[in-house]
Amino acid sequence: MFTRLLGYFFGIGVLGFLLAAGGVAYGIHYYSQDLPDYTVLSDYEPPVMTRVHASDGTLIAEYASERRLFLPIQSVPDTLKAAFLSAEDKNFYNHGGLDFTGIARAVVVNVENIGTDRRPVGASTITQQVAKNFLLTSDVAIERKIREAILALRIERTFSKDQILELYLNEIYLGLGAYGIAAASLVYFDKSVHELTLAEAAYLAALPKAPNNYHPFRQTERALERRDWVLDRMFENGYINDEQRLAAQSEGLNVQPRSTGTFLEASDYFAEEVRRQIAERYGDNGLYEGGLSVRTTLDPILQSHARRALRNGLESFDRQQGWRGAVASIDISQDWGVALSEVDGLSDVEEWNLAVVLSVNDEGAQIGIDPAREASGAVAAERLTGFMPASAMEWAGGNPADIVSSGDVIYVRSEAGEDGAVSYSLRQVPEVSGGMVAMDPYTGRVLAMVGGFSFDDSQFNRATQAQRQPGSSFKPFVYAAALDNGYTPSSVVMDAPIEIDQGPGLGIWRPDNYSNEFYGPQTLRVGIERSRNVMTVRLARDMGMPLVSEYARRFGVYDDLDPLLAMSLGSGETTVMRMTAAYAVIANGGRSIQPTLIDRVQDRYGDTIFRHDARLCEGCRVDAWQGQEEPVLIDEREQVLDPMTAYQVTSMLEGVVRRGTAGGISAQLANWAVAGKTGTTNENRDAWFVGYSHDIAVGVYIGYDTPRSMGRSATGGGLAAPIFADFMESALEGQPRTEFQVPRGISLIPINRNTGLQVAAGTDGAILEAFRPGTSPPSSYSIIGFTDELGRELTVDPQADRAVVSGTGGLY
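Residues numbered from 1 in each chain as written. Predicted model: local features only at pLDDT ≥ 70, side-chain atom pairs only at ≥ 80, totals over all residues. Heavy atoms only, no water.

Student: What is the right way to look at helix H17 (residues 533-543) in this model?
Tutor: In an α-helix there are 3.6 residues to a turn, and that puts residues three or four apart on one side. With nine of eleven residues buried, H17 lies mostly within the body of the structure. Every buried residue of H17 is accounted for by Asn533, Val534, Met535, Thr536, Val537, Arg538, Leu539, Ala540 and Met543. Two residues or fewer after H17 comes Gly544, characterised by a positive phi angle close to 105 degrees. (Buried < 20%, exposed > 50% of the residue type's maximum accessible area, 1.4 Å probe, protein only. Helix = DSSP H or I, 4+ residues; strand = E, 2+ residues; numbered from the N terminus.)

See below:
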């Protein structure tokens, strides 16, 4: 009887087991249908931030839709691994994808929570979290948990434990926009993972559960409690000793959020231009998710010099235009610090602060300085005040009380004296603006670029986007075309009134010089040194404007310049970048260059996918030197100007700086060989200077964004050239004087710079002029662009003091 009963129950048990097994099998089969393909994890390519670096490796900017840096598991510090394993899955390296002990514990807790509003507790392993994060949704449903468990088991059979942990640590969201531990380390602590302390590593491990619940500033106490819990688990699991645990738990969170945007001071405009170019080349996905490493051409030191020089120049001019009033006005009867903190100011002018006028008298103004902000973003409690003397406001004109009033919000510049005392001076954002570019003339690498006074104030890049008339700074290309086609620096052009019929309905054009005077016969050298407009028009007419247009295209100043004589005076619009690149062609001996802000781009795997320098070097990659010849770089760039012509133009532009329209900066740059040209447009709307030394080309433009006159004194020589000189003095400091290289075949012959005739060496007023083979100063020559009433050209007789009509011997 007992045996029969035992057999009966055994049969029922077997049947129940078979039914349960069948049910489980059916459930597995049912929930396995339409499961995502987990093998795609082997091709894991998460969105990774693109990082942009200067030429010396300094980080400039980061761009990302998800701030993530991929970190191989071999590079993850053991302490950080231990923290995450202790917090999320202490048995990770021992289970097969499911932690049954943890599941049982979760079931008990969830049964106890029935009837409450508490969210069900999970027992997900790291493998299950990988399955959920990569392949499933986050829905709280039994169906999702079953599918998650099935995928976890399959993932464990396909991937190693380290591979699974690597996926997890790089994918998880840890708050503050950070995905993965590498990005979180930077975002929270501005450190690499290898620099994290034990307490910091534990805090990061506390975040996956619910980052917002453990926010470092809004939920500080909960964050500390959770971090300490992680440290307790690390101690229980044997990763740290009790002394380490207690020391770490005694620390604060020490979170120092990493700033976003541009990281290198003064590089905002440069970084934004690089961002635009990368997006154009690789698309938004490539920029924000591609994990590109972009090495730029930026020289941080030169960039700092460029921004300082341009800002100082803009401020100096703007102060001459007078004070335009306060930024805003606030109520100072309550806490002025809070009210002041709500006024938007410029964050990229590091030397300036917003301030509020607390009181004012004849001696000056008592001011309150914009309070600092804590890491959480809250306004600091400390209130800093200072005194701005009347002398620091003199440029604004009048008595201090006529300039500012109590409650006025203004900009001040703070400077510490030798005794440590801080003084303040009144500032205002310049209304005038401009752009500046510094470039390597041999490669086209942009070493520095400034697109305006403040990127915070205006993101419009005046170095690359502003289309402006270059004025007389275009003249060197007219003269280059002439010298390349039979003219010499001693060729003489008549500087006298001229009338040009512009065509039906366009009237007569009568160009004149900036001085409104005319100077008679002048050599090409004097014409460009003194920037004679009428001479340039006559020269362009003599050559033909189609030739000038062709040279403008070759140099890259314009794509298609209208062949109108007015264009010879720079009335067509172009950019500072294009003008600087065109001058660089002259500086390098006539080789075409392509301006670039990017040296190379590498993909997320470190493979180079773009390199600017396309020169070939077949012998550069060898294992060892075995007596072979020095490798030769094969430069296939177009030669757009004869090297001899390039030197002739350079020599003439040196004269512009030494004694011409830019003579005001000659003393400042006397220690270096520098060439360049000023440019001033009609009604003084634009002021230019573009120039170069032997290894750096620089272009500067100044003007109002909506073109209007800057005043009669705002010329290229008086406004733009000093900015150029200020920059070059800093950039060339400590460098020996290096003369421009004279090409082989050029003859240097002493001439009178005014007449162009050869003179004895050492004669007063003589200069060494550069002549190409087959040319020399003639004994007499025609005056370009001038004839008598019968249409006969005039020549100069060196023995006479007047012009001679060709073929008659008659004097004029």
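Now that the structure is up, let's keep going.
Student: Sorry if this is basic, but what is going on with the pairing of strand S11 (residues 446-450) here?
Tutor: Consecutive residues of a regular strand have side chains that alternate between opposite faces of the sheet. The buried fraction of S11 amounts to five of the five residues, a majority that puts the element mostly inside the structure. With four bridges connecting them, strand S10 (residues 433-439) and S11 associate as antiparallel partners. Its bridge partner lying in S11, Ala438 is registered against Ala448. Hairpin connection of S10 to S11: six residues between the antiparallel strands, including Gly444 at a positive phi of 80 degrees. (Pairing = 2+ DSSP bridges.)

Student: I keep staring at the layout of surface pockets and nothing clicks. Help me out?
Tutor: Rolling a probe over the atoms, with the probe sized like a water molecule, indicates the empty space that remains. Volume-wise, the second largest pocket comes out at about 750 Å³. Around the second largest pocket, the lining is made up of 35 residues, and of these Ser472, Tyr514, Asn533, Thr680 and Asn682 lie nearest the centre. It is strand S18 (residues 675-680) that provides the largest number of residues to the lining of the second largest pocket, a total of four residues. A per-class count over the lining of the second largest pocket returns six nonpolar, 21 polar and eight charged. (1 Å grid on protein atoms, 1.4 Å probe; cavity = no way out; pocket = protein on both sides within 12 Å on 5 of 7 lines; lining within 4 Å. Points joined across faces, edges and corners; volume = space filled by probe spheres on them. Nonpolar A, V, L, I, M, F, W, Y, C, P; charged D, E, K, R; others polar.)

Student: Explanation requested: the sheet that holds strand S17 (residues 608-611) in the structure shown.
Tutor: Across a sheet, paired strands are connected by hydrogen bonds in the backbone, their directions being either parallel or antiparallel. Ordered in space as S2-S1-S3-S16-S17, the five strands form an open sheet in which the pairing is mixed. Bordering the open sheet on either side are strand S2 (59-63) and S17, each of which pairs with just one other strand. Across this sheet, the average inter-strand angle for adjacent strands is 15 degrees, counted without regard to direction. Strand direction decides the pairing type here: strand S1 (residues 50-53) and strand S3 (residues 293-296), joined by three bridges, are parallel. Looking across to S3, one finds that His53 is bridged to Arg295. Set on the sheet, helix H11 (residues 268-289) makes contact with S1, S2, S3, strand S16 (598-602) and S17; between it and S2 the angle comes to about 35 degrees. (Axes fitted to C-alpha atoms, helices over the stretch in contact; angles between N-to-C directions. Contact = heavy atoms within 4.5 Å.)

Student: I would appreciate a short explanation of the side chain of Thr575 in the present structure.
Tutor: By secondary structure assignment, the location of Thr575 is in the loop between helix H18 (545-555) and helix H19 (576-587). There is a polar contact of 3.1 Å between the side chain of Thr575 and the backbone nitrogen of Arg578. Contact partners of Thr575, with chain neighbours within four places excluded, come to Ala463, Thr464, Ala466, Gln467 and Trp688. (Polar contact = N/O pair within 3.5 Å; in protein donor to acceptor, adjacent residues only side chain to side chain.)

Student: Would you mind showing me how to read the nonpolar core here?
Tutor: Buried together is how nonpolar side chains tend to be arranged in soluble globular proteins. In this structure, Phe555, Ile702 and Phe727 are the most contacted members of the largest nonpolar core, which totals 137 residues. Residue contributions to this core peak at ten residues, all from H19. With sequence-adjacent residues up to four places away left out, Phe555 is seen in contact with Phe477, Ala480, Ala582, Val585, Ile586 and Leu641. (Core = buried A, V, L, I, M, F, W, Y, C linked by side-chain atoms within 4.5 Å.)

Student: What should I look at first to understand empty space enclosed by the protein in this one?
Tutor: Within this structure, the stated rule accounts for two cavities of 30 Å³ or more. In this structure, the largest cavity is lined by 14 residues; those nearest its centre are Ala266, Asp268, Tyr269, Arg307 and Val450. Within the residue set of the lining of the largest cavity, elements represented by two or more residues are H11, helix H12 (300-320) and S11. Counting residues per element, the lining of the largest cavity draws most heavily on H12, at three residues. Residues belonging to the lining of the largest cavity are distributed by class as follows: six nonpolar, four polar and four charged.

Student: Hey, could you run me through the pattern of salt bridges in this one?
Tutor: Should their charged atoms come close, side chains of opposite charge can pair. One pass over the full model with this rule turns up 42 salt bridges. Arg772 is the partner of Asp484 in a salt bridge, and the nearest nitrogen-oxygen pair spans 3.8 Å. Separated by 288 residues along the polypeptide, Asp484 in the loop between helix H15 (475-483) and strand S12 (492-495) and Arg772 in the loop between strand S22 (766-771) and strand S23 (782-787) bring together distant segments of the chain. Residue Arg525 is joined to Glu529 by a salt bridge in which the shortest nitrogen-to-oxygen separation is 3.0 Å. (Salt bridge = Lys/Arg side-chain N within 4 Å of Asp/Glu carboxyl O.)

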